[in-house]
Amino acid sequence: MYPWTNKDLRLCVGNYDTFAIPVVIKKHVPLTTEKYVFTVRRVIEGNYRMGKPVMKGEIVFQKTVEYADLIPIQDDKGDTIGCYFFVCANKEETSRIPEGINAYDIAIINTSAGSEIELIPPSEFISGEVLRYE
């Protein structure tokens, strides 16, 4: 199964609404030199053609979360065993994300080592109407 079609990784947001997406990272102790980058790209062609990945276009939304913005997850002994954070967007930022299927990914960038680790591969990010119940 391609990560692109993994329904567990799919995100759906309103195309003219604010959003706050929670991201939980387990079994990784965050370092002060790390930052987390959440990127949404426009999808030019969403179908796999003979095993080739989807064609992605320009970046339409990107947020960088620094170490100071992380919330640590601690075990019973008080040791840090992970972290979580929120990727937030206001109405102006979400209006720039085209309606329909886009692609998002999350990467850790270690500034001191100059390395990048992909946490979540390109996955579906659907922008459109969100139903609400009062």
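For the structure, check the block above.
This write-up is about the structure you can find in this document.

The rules we used
- Residues numbered from 1 in each chain as written.
- Predicted model: local features only at pLDDT ≥ 70, side-chain atom pairs only at ≥ 80, totals over all residues.
- Heavy atoms only, no water.
- Helix = DSSP H or I, 4+ residues; strand = E, 2+ residues; numbered from the N terminus.
- Contact = heavy atoms within 4.5 Å.
- Areas by Shrake-Rupley, 256 points an atom, 1.4 Å probe, with all protein chains shown as cover.
- Salt bridge = Lys/Arg side-chain N within 4 Å of Asp/Glu carboxyl O.
- Buried < 20%, exposed > 50% of the residue type's maximum accessible area, 1.4 Å probe, protein only.
- Pairing = 2+ DSSP bridges.
- Axes fitted to C-alpha atoms, helices over the stretch in contact; angles between N-to-C directions.
- Core = buried A, V, L, I, M, F, W, Y, C linked by side-chain atoms within 4.5 Å.

Here we look at the overall build of the chain
Thinking step 1. The secondary structure content of the chain amounts to one helix and eight strands.
Thinking step 2. What you see in the chain, going N to C, is helices and strands ordered as β-β-β-β-β-β-α-β-β.
Thinking step 3. Considering only residue pairs separated by 6 or more positions, the chain has 67% of its internal contacts joining residues 24 or more positions apart.
Thinking step 4. When the accessible surface of the chain is split by element, carbon and sulfur atoms take 51% of a total near 8,600 Å².

Re the pattern of salt bridges
Thinking step 1. Taken as a whole and assessed by the stated rule, the structure comprises three salt bridges.
Thinking step 2. Note that Lys63 is salt-bridged to Glu93, the shortest N-O span being 3.1 Å. In this pair, Lys63 is assigned in strand S4 (residues 55-65) and Glu93 in helix H1 (residues 91-95), connecting sequence segments 30 residues apart.
Thinking step 3. Given the relative accessible area of 18%, Glu93 is considered buried.
Thinking step 4. In this structure, Arg96 and Glu92 form a salt bridge, with 3.6 Å as the shortest nitrogen-oxygen distance.
Thinking step 5. Looking at Arg96, the relative accessible area reads 48%, which means it is partly exposed.

Describing the sheet that holds strand S5 (residues 71-74)
Thinking step 1. Read from one edge to the other, the open sheet built from three strands follows the order S2-S6-S5, with strand pairing classed as antiparallel. A single partner strand is all that each edge strand has here, and the edge strands are strand S2 (19-26) and S5. Each strand of the sheet is rotated relative to its neighbour by a mean of 25 degrees, with strand direction disregarded.
Thinking step 2. Here S5 pairs with strand S6 (residues 80-89) via four bridges, running antiparallel. What sits directly across from Pro72, in S6, is Cys83.

Let's talk about the nonpolar core
Thinking step 1. Core analysis: the biggest nonpolar cluster contains 23 residues, and Phe38 and Phe125 have the highest contact counts within it.
Thinking step 2. Listing elements by their share of this core, those giving two or more residues are strand S1 (11-14), S2, strand S3 (34-45), S4, S6, strand S7 (100-110) and strand S8 (115-128).
Thinking step 3. In this structure, Phe38 is in contact with Leu11, Ile21, Phe61, Gln62, Lys63, Val87, Tyr104, Asp105, Ile106 and Phe125, ignoring residues within four places of it in sequence.

Thoughts on the pairing of S2
For a regular strand, side-chain orientation follows a simple rule: the groups alternate between the two sheet faces.
Thinking step 1. Side chains Phe19, Ile21, Val23 and Ile25 of S2 all project onto a buried face; the interleaved residues Ala20, Pro22, Val24 and Lys26 project onto a face where none is buried.
Thinking step 2. As judged from the eight bridges shared by S2 and S6, these two strands associate in the antiparallel manner. Across the sheet, the residue bridging to Val24 is Tyr84, located in S6.

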